[in-house]
Amino acid sequence: PAPHTGTDSAAIRQAVLDYAEGWYTGDAVRMEHALHPELAKRMVETDREGHSSLDQMTAAELVAR
C-alpha cells in the first residue's frame, strides 16, 4: 500500500473530529460528514446478570440520536 500523506492525516483527523464533536454537540449534519451511509455500528451489551447481547445501529439511527 502507498504511504499515508499529510493530506490523508488531515482528512482522518477531520472525520474523527466531525464524528466525536458532532455526537457530543448534537450536530447531525457534522456527524453525517463522518459516517459512511452503509455504516453498521455493532455494540456488545452486558446486562446485570452477565448476559451479553449484540445491538446494532445504522448511520441514520446514529445521526438521529
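The following refers to the structure shown. Counting from 1, residues in each chain are numbered in the order their sequence is written. Predicted model: local features are reported for residues with pLDDT of at least 70 only, side-chain atom pairs are reported and counted for 80 or more only, and whole-chain, interface and lining totals are derived from all residues. For side-chain calculations, the full set of non-hydrogen atoms in the structure is used, while hydrogens and water are omitted.

A few words on the pattern of salt bridges. One side-chain nitrogen of Lys or Arg within 4 Å of one carboxyl oxygen of Asp or Glu is enough to make a salt bridge. Taken as a whole, this structure holds two salt bridges when the rule is applied. The closest approach of N and O atoms between Asp18 and Arg30, which form a salt bridge, is 2.7 Å. With Asp18 in helix α1 (residues 6-25) and Arg30 in helix α2 (residues 28-34), this residue pair connects regions lying 12 residues apart in the sequence. Between Glu21 and Arg30 there is a salt bridge whose closest N-O contact spans 2.7 Å. Each residue's exposure class comes from its accessible area (1.4 Å probe, protein chains only) as a fraction of the maximum for that residue type: buried when under 20%, exposed when over 50%, partly exposed otherwise. Residue class for Glu21 comes out partly exposed when judged on its relative accessible area of 35%. For Arg30, a relative accessible area of 24% puts it in the partly exposed group. Connected through salt bridges with shared partners, the residues Asp18, Glu21 and Arg30 form a single ionic network. Numbering of helices and strands runs from the N terminus; a helix is a DSSP stretch of H or I covering at least four residues, while a strand is a stretch of E covering at least two.

Looking along a regular strand, one sees the side chains alternate between the two faces of the sheet. Relative to strand β2 (residues 52-58), strand β1 (residues 40-46) is paired through seven bridges, and the arrangement is antiparallel. Within the sheet, the bridge partner assigned to Ala40 lies in β2 and is Thr58. Hairpin remark: β1 followed by β2, antiparallel, with five residues in the connecting loop; positive phi at Gly50, about 90°. Two strands qualify as a pair provided DSSP detects at least 2 bridges between them.

To continue, consider the nonpolar core. Counting seven residues, the largest nonpolar core is built from Met31, Leu35, Met43, Met57, Ala59, Leu62 and Val63. For this core, the element with the most residues is helix α3 (residues 59-64), which contributes three residues. The contact criterion used throughout is that any non-hydrogen atoms of two residues lie within 4.5 Å. Not counting chain neighbours up to four residues away, the residues in contact with Met57 comprise Leu39, Ala40, Lys41, Met43, Leu62 and Arg65. Among the buried residues, those of types Ala, Val, Leu, Ile, Met, Phe, Trp, Tyr and Cys that are joined through side-chain atoms within 4.5 Å form a nonpolar core.

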